[in-house]
Amino acid sequence: MRAIITIARYDLLRSLRERETFLFGLLMPAAMMLLLGIAMGGSDDGDAITVDVIDEDGSALSAALVEALRAEMEADRAFRLCLVGADDAAPGCAISAAPDRRHQVADERLKEADSFGTILIPAGFGAGLRAGDTVTVIYKSSADLNAPLLAEQKIDAALSRLGGAVAIANLTVKVAEEAFQRRGASAWDRAAAFDQVRQTVETAWDTRPIRVESQGTATRASRTGFNQSGPGMAIMFVLIMMLNNSTVLVYEREVGTLQRLFVLPVPRWQTLAGKIIGRYLYGLAIFAALVLAGTTMGVEWGDNVPGIALIVLAYTLTATALGVALATVARTSAQANNLSLLFGLTLSPLGGAWWPLEIVPDFMKLIGHLTPVAWGMDAFGKLMYYGGTVADIAPMLGVLLGLAALFFAFGVWRFRYE
Amino acid sequence: MFSKIAAIAWKDLYVTFKDRDALIYLIALPVLLSGIIGLAFGTSGDVQLDAVPVAVINQDQGETLPDGASLNLGAELQRAFVPSGDPAQDEPYRALYDLTDGKVYADFNQARARVEDGNLAAAIAITDPQWTAKALAGGSPAPIALYYDSGRSIGPSVVRAILSAITNGMNSVILAQQIGPTALAQIGDALGADEAAIAQATAQLRAQAMTLAEASPIRLERLDWQGKRRVFDAMQYFAPSMAILFMSFAMGAGAATIRTEMQQWTLPRILSTPTPRWVFMVGRLLGMYMTGVVQMVLLIVATALVARLMGRENSVWGGDLPGLVVLVLTVVFAAVSLGLLVAALARDADQATTYSSIVSMVLGMLGGSFIPIENLPDALTWLPKLTLNYWGIRGFFDLATGEETLTGIVPNLAALLAIGVVLCTAGLWVFARRQEV
Amino acid sequence: MNTAMIEIRNLTKQFNPPDGVIAVKNVSFSIFRGEIFSLLGPNGAGKTTTIGMISGLLTPTAGDVIVGGHSVTRESLAVRALIGVVPQELALYPTLSARQNLTFFGKMYGLGGRELKRRVDEVLAFTSLTERADDPVQEYSGGMKRRVNIGIGLLHRPQILILDEPTVAIDPQSRRNILDAVKALNAEGMTVLYTTHYMEEAQELSHRVGIIDHGEIIALGTQEELTHMVGQQDTLVLKVPDVAPDLVKALGQLPGVSSCAPVPDDDGALHLLATDARQVLPEALRLINQAGLSLQAVEVREPTLEAVFLHLTGRALRD
């Protein structure tokens, strides 16, 4: 027993002192957490996303639409609306452009990722609406993966608000025209009546009767970039580091230090156990450091500390076991190194460490759940988003431990002592 | 001299591709990752969502209108999520049924519990039996409760978008009923119409108001920035980003072996033959360059084949061959130069390998190899533009989508060339200073 | 035969001047066409640095080397074409086969086509590697790797072969093969510059020997000329359980003893240089007994290069 402890302790201390541990176990995953977190929307209080507007119409109605858009989009400061070529630019969006170059400027800004989308109010917008026609507003967005549905929702809301008012005004004026025509409709100021009804409706819209009162389950975390990237990167890098144990084991076999341990008067299983425990503790140290690093970036791990600890313990065990299994398959340390990168970098996106599995098709969810990554992410998700208890994550922990047993069994069965 | 340069370059290429294990990392891994990303984000390019599971609780008992007809706005709302089985009535909502998988629940609390345990994305509830009446009367709000799962990013947004479209229509109808008659009366008065005419007009308005629920007069057309219908094809983005990432890994590892040649004494040995130092350096750089080009070509062919097997219709790399060739040649040059500088600065070959993989990874992240970096803080938007990944990925993406041809990616080529020249000059300078010792 | 093939003129090498180590100090000597010249000296004496400058790897701080009429500082490439260098380390590509290594370096020597192929086959045969020629070098034994390492230096039939400690850390049989090969090559007319810290090798191979220590040539000549320097002195090798500095001093002061030094890397071994070893032995025994030690072994050697080194530096080279 003492042999196991000695070997494990020595193994752990030596690994922790290596520069690579700091670089690949902490610095790189923390940097990726930060960058991916920001890229996927950061935390709730991230910078506003800029959306440009080109008003080609310049009518009262187009101005009303810009106002409605501004009201909707800037309400929770998620977006900032910039009027291209306008004199009275909002802070931070003074975009000067001659009227005939506005499209070019806006396209350039989109391409350079200075803005996220352009809303184009075409000439004839106001006149068309007054004539009772259907008009089209164009929303150009950058062709990117994370173009948010949120922006479109806000635009839709603004369009419905103005559209509703215009439709009611048009209907009212049309009915009035038909009903009162005999009485000298020509003397009647149609446009004034339209504007009056529209404005009344727009004002009344604020007190519209049917409203959606929404409430999220978020007693704890919400879907922010960091809440995805935090557990995701921790899980990915612990997996890569633990798979890389195979490189260490195969390398020690190559240079003979492993054989030297096996000729000691200690049962082989104890030597192997000591090694594995050392690597496991090493993985736990990395995972713990990454959880802390995530916390400083604003990852909301939740307050179920025993639950978090259990996930860390179970997941690291599975990853360690997979590393041991890999060590029996690889012939050379170079091969082990390549295989651990191969598995680490493919299992992670499959299992949802890069993006939530929610957004992938069903069969990809199924494939994802063949990896320990998905079960680890699910368990974290349960704690973070659903206020899960230890009982709630028990199934995931069970699967992780089952996988660990499977990998260990394979590894010990196939391990070459010679 | 040229035959010696060729011999060194060829040796380099041979050693790299002879190593079967390295091929995992050079070719298999990036192809696999591109394939996974392609599968995750569908073959057509759109994010393919499964139907969002949603519960609808409608306790509204409806209202009998003055004309004797009965109206149940709650039931109308429910039909947007749950088909009633009457084709005529369900017709307007048909397109929505693909988006959601709605189930009728009797008990809001039960549905809430299902949301909390993650089985439902959202529960929509109208719990007031007098809901229609309240909504029509105005004055007091008629709320719809939406309880959604904050743990999901997209599902609740879909539900909210549908709800808002439906409720906006309903509100238009209701506001028309409330405001229209008053407005009509005013207009009628101004025109001197009599009570009967106004009453008749009001009745007409009420009758036609229902049409307002149908569609807003303002339509939104969604385009991508080039003015086409928006499709973000993940594979067109990620196949080049993975290829560039792993190519720059390989170039870093390749450059590290220049240091290995110093340590394993093959460089001194070459220098003891009638071969000048510059011939060795040019040979090695050419070897790395050829390795990178071969790797990119293999990756392009392999991902295109995988995409074909996956049944994709979109081309992953586009059809602009001159553009592709020139971009591959330029991006590999930039990556070789990066590897060279890192290898020159490192203490020894091992450190060079480690550092170059970190540098490639970090530049890959910044340059958008893992996820397009869009919403960086304003002060940092210049950062990705310093990376070869940024210019390379965008160049390939523009070629793949057919937005640009060779002439259109000239800025990308120029940026890559500039990055390459700067890094290469610095790398050679540092190497030159290392000549002895 | 006495035309200089290599002429070393006031050669000096200082690393990182002005404060760095001076590895070679103002060294001048010549190596004649057709001879085997050994540079003998302990580790760190400046052998490898000297060879580095001769083969153009290192730039001399001062002085020059003229090889076959070409200046190393001004016509480095011409010099390199004349010489074949076998570095101390195994300078090979481990994943390539012996044939591929030879072919690659052959191209670096400017060989090509059928000529290159023929030379590679010859070298493979000469080094007895033909059978395993197409296996990766990393799968070879240490001796086989050494043979490839030497073979590369022979590819272009150099007029001068420079071998830097080619027998370090290999088995006796491979060492034998290498020494025989060097002799065979020399017999065909190849000039050989051989560095070593094994005096037996220098003794067996060389026509002339240069003894180098602390970057300076302290003696140079044929073996006869060198051993003559120590006169008729014998080397007395004593083995005791423990070497006390006092004992070394006392032994050195015995009448008839010119110097006494412990042998590096060999605990308890002492080298005494004496005019008549047999006469000194009883006195030496007495001193050893006085020190409370017992003599474990004793050996009397005729004058050797080892004795020369001891005589000149007061230190033993190595047993």
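Fair warning: this is a prediction, and the values are worked out from it, not measured in the lab.

### Looking at the overall build of chain A
- A count of helical and extended segments in chain A gives 16 helices and five strands.
- Here chain A holds 418 residues, and the buried ones make up 57% of them.
- If you take every contact in chain A between residues at least 6 apart in sequence, the share linking residues at least 24 apart comes to 77%.
- Put simply, chain A shows about 16900 Å² of open surface, and 60% of that area lies on carbon and sulfur atoms.

### Structural notes on the overall build of chain C
- The helix and strand inventory of chain C stands at 11 helices and 14 strands.
- Taken along its principal axes, the extent of the C-alpha atoms in chain C is 75 × 45 × 40 Å.
- Counting the 319 residues in chain C, one finds 52% classified as buried.
- A fraction of 69% describes how many contacts in chain C between residues 6 or more apart in sequence connect residues 24 or more apart.
- Accessible surface computed for chain C: about 13600 Å², of which carbon and sulfur atoms make up 50%.
- Counting 29 positive and 37 negative side-chain charges, chain C places the centres of these two groups 7 Å from one another.

### A look at the pattern of salt bridges
- Under the counting rule described, the total for this entry stands at 35 salt bridges over all chains.
- Asp195 of chain A serves as the salt-bridge partner of Arg198 of chain A, at 3.8 Å between the closest nitrogen and oxygen. Taken as a pair, Arg198 of chain A and Asp195 of chain A lie in helix H7 (residues 190-205) at a separation of three residues, close to a single helical turn.
- Residue classification places Arg198 of chain A among the buried residues on the basis of a relative accessible area of 4%.
- In this structure, Asp101 of chain B engages Lys103 of chain B in a salt bridge whose closest nitrogen and oxygen atoms are separated by 3.5 Å.
- Salt bridges sharing common partners tie together Asp11, Arg14, Glu252, Lys275 and Arg279 of chain A.

### A short note on the arrangement of the chains
- Out of two pairs of chains that touch, the pair holding the most contacts is chains A and B.
- In this assembly chain A lies apart from chain C, the nearest approach of their C-alpha atoms being 13 Å.

### Side note on the packing of helix H12 (residues 305-329) of chain A against helix H15 (residues 372-386) of chain A
Residue and element names in this part refer to chain A.
- Close contact between H12 and H15 brings their axes to 10 Å; oriented N to C, the two are set at 180 degrees. The angle between H12 and H15 places the two elements in the roughly antiparallel class. Side by side, H12 and H15 meet where Gly307, Ile308, Ile311, Tyr315 and Thr318 of the first sit next to Pro372, Val373, Gly376, Ala379, Phe380 and Leu383 of the second.
- Looking at the contact of H12 with H15 residue by residue, the class counts come to eight nonpolar, three polar and no charged.

### Topic: the packing of aromatic side chains
- Scanning the entire structure with this criterion turns up 14 aromatic pairs over all chains.
- Ring centres of Phe287 of chain A and Phe380 of chain A lie 6.1 Å apart, and the angle between their planes is 50 degrees; this geometry places the pair in the tilted category. Placement of the pair is Phe287 of chain A in helix H11 (residues 268-297) and Phe380 of chain A in helix H15, with a sequence separation of 93 residues. Taken as a pair, Phe287 of chain A and Phe380 of chain A share a single burial class, namely buried.
- Measuring from centroid to centroid gives 5.1 Å for Phe29 of chain C and Phe37 of chain C, while their planes differ by 10 degrees, and the two rings are stacked. Residue Phe29 of chain C shares its accessibility class with Phe37 of chain C, and that shared class is buried.
- Among the aromatic residues, those joined into a cluster by ring pairs are Phe287, Trp301, Tyr315 and Phe380 of chain A.
- A cation over a ring is seen here: Arg414 of chain A above Trp413 of chain A, with NZ or CZ 5.9 Å from the ring centre.
- For Lys11 of chain B, the ring lying beneath its charged end belongs to Phe104 of chain C, and the centroid distance is 5.4 Å.

### Focus: the sheet that holds strand S6 (residues 142-148) of chain B
- Spatially, five strands are ordered S5(A)-S6(B)-S5(B)-S1(B)-S4(B) in an open sheet, and the strand pairing comes out mixed. Two strands in the sheet have a free side with no partner beyond their single neighbour: strand S5 (210-216) of chain A together with strand S4 (100-104) of chain B. Taking the axes of each pair of neighbouring strands and ignoring which way they run, one obtains an average angle of 25 degrees across the sheet.
- Relative to S4 of chain B, strand S1 (residues 52-58) of chain B runs parallel, the two being bridged by five bridges. Paired with Ala55 of chain B across the bridge in S4 of chain B is Lys103 of chain B.
- The strands touched by helix H5 (residues 108-116) of chain B are S5 of chain A together with S1, strand S5 (122-126) and S6 of chain B; relative to S6 of chain B, the strand with the most contacts, the crossing angle is about 35 degrees.
- Running at roughly 160 degrees to S5 of chain A, helix H7 (residues 155-191) of chain B makes contact with S5 of chain A together with S1, S4, S5 and S6 of chain B of the sheet.

### So, the domain arrangement of chain A
- Each domain of chain A was delimited in the assignment, giving domain 1 (2-42 + 221-414) and domain 2 (49-206).
- The straight-line distance from the C-alpha centre of domain 1 of chain A to that of domain 2 of chain A is 51 Å.

### Brief notes about a nonpolar patch on the surface
- A grouping of Met1, Trp278 and Val282 of chain B together with Leu77 of chain C is seen on the molecular surface, where their side chains present a nonpolar patch of about 370 Å² in accessible area.
- Turning to its location among the elements, Trp278 of chain B is positioned in helix H11 (residues 277-309).
- In this structure Trp278 of chain B comes out as partly exposed when scored by relative accessible area, which is 49%.

### Examining the pairing of strand S2 (residues 79-83) of chain A
Residues and elements named next belong to chain A.
- Among the five residues of S2, four are classified as buried, and the element is accordingly described as predominantly covered.
- Where strand S1 (residues 49-55) lies against S2, five bridges are found, and the strand directions are parallel. Bridge pairing in S2 places Ile49 opposite Phe79.

### So, the interface of chain A and chain B
- Taken together, the contacts link 110 residues of chain A with 110 residues of chain B.
- Approximately 10100 Å² of surface area, both sides summed, lies buried where chain A meets chain B, with 67% of it carried by carbon and sulfur atoms.
- At the surface where chain A touches chain B, the tally comes to zero salt bridges.
- Joining chain A to chain B, the criterion identifies 17 residue pairs in polar contact (both at pLDDT 80 or more).
- In terms of residues, the side of chain A that touches chain B owes the most to one element, helix H6 (residues 149-180) of chain A, which gives 21 residues.
- Here the residues of the side of chain A that touches chain B are counted per class, giving 63 nonpolar, 23 polar and 24 charged.
- Looking at chain direction, S5 of chain A and S6 of chain B are connected through seven bridges and run parallel. Across the sheet, the residue bridging to Ser214 of chain A is Leu146 of chain B, located in S6 of chain B.

### Some points on the interface of chain C and chain B
- Counting from both sides, the interface comprises 31 residues of chain C and, opposite them, 22 residues of chain B.
- Each partner contributes to the roughly 2400 Å² buried at the junction of chain C and chain B, and carbon and sulfur atoms together form 64% of this total.
- When the area that chain C buries against chain B is broken down by residue, the three leading residues are Leu57, Tyr93 and Met108 of chain C, summing to 27%.
- Linking chain C to chain B there are 14 residue pairs in polar contact (both at pLDDT 80 or more).
- Those elements that provide at least two residues to the side of chain C that touches chain B are helix H2 (76-82), strand S6 (83-86), helix H3 (98-108) and helix H5 (142-154) of chain C.
- By residue number, the principal contributor to the side of chain C that touches chain B is H3 of chain C, which donates five residues.
- Split by residue class, the side of chain C that touches chain B holds 19 nonpolar, eight polar and four charged.

### A closer look at the sheet that holds strand S11 (residues 234-239) of chain C
Residues and elements named next belong to chain C.
- Read from one edge to the other, the open sheet built from four strands follows the order S12-S13-S11-S14, with strand pairing classed as antiparallel. Either end of the sheet is taken by a strand with one partner, and the two such strands are strand S12 (257-262) and strand S14 (297-301). Recorded for the sheet is a direction-independent mean angle of 15 degrees between the axes of neighbouring strands.
- As defined by bridge partners, S12 adjoins strand S13 (residues 269-274) across five bridges and the pair is classed as antiparallel. Opposite Cys260, over in S13, you have Leu272 as the bridge partner.

### Digging into unusual backbone geometry
Residues and elements named next belong to chain C.
- One non-glycine residue with positive phi stands out, namely Asn26, at about 45 degrees.
- For Asn26, the position within the fold is in strand S2 (residues 22-32).
- If you check the backbone angles, His214 has positive phi at about 50 degrees while not being a glycine.
- Counting through the fold element by element, His214 comes out in the loop between strand S9 (208-213) and strand S10 (216-222).
- Accessibility expressed as a relative area gives 53% for His214, which makes it exposed.

What counts, and at which threshold
- Residues numbered from 1 in each chain as written.
- Chains lettered and ligands numbered in written order.
- Predicted model: local features only at pLDDT ≥ 70, side-chain atom pairs only at ≥ 80, totals over all residues.
- Heavy atoms only, no water.
- Helix = DSSP H or I, 4+ residues; strand = E, 2+ residues; numbered from the N terminus.
- Buried < 20%, exposed > 50% of the residue type's maximum accessible area, 1.4 Å probe, protein only.
- Contact = heavy atoms within 4.5 Å.
- Areas by Shrake-Rupley, 256 points an atom, 1.4 Å probe, with all protein chains shown as cover.
- Lys, Arg positive; Asp, Glu negative; His and termini not counted.
- Charge placed at Lys NZ, Arg CZ, Asp CG, Glu CD.
- Salt bridge = Lys/Arg side-chain N within 4 Å of Asp/Glu carboxyl O.
- Axes fitted to C-alpha atoms, helices over the stretch in contact; angles between N-to-C directions.
- Parallel < 35°, antiparallel > 145°, perpendicular 65-115°, else oblique.
- Nonpolar A, V, L, I, M, F, W, Y, C, P; charged D, E, K, R; others polar.
- Phe/Tyr/Trp six-rings, centres within 6.5 Å; stacked < 30°, edge-to-face > 60°.
- Lys NZ or Arg CZ within 6 Å of the ring centre and 35° of its normal.
- Pairing = 2+ DSSP bridges.
- Domains from an automatic or database assignment.
- Patch = residues over 30% accessible without salt bridge, like charges linked within 9 Å, V, L, I, M, F, W, Y side chains within 5 Å.
- Buried area = accessible area lost by both parts, 1.4 Å probe.
- Polar contact = N/O pair within 3.5 Å; in protein donor to acceptor, adjacent residues only side chain to side chain.

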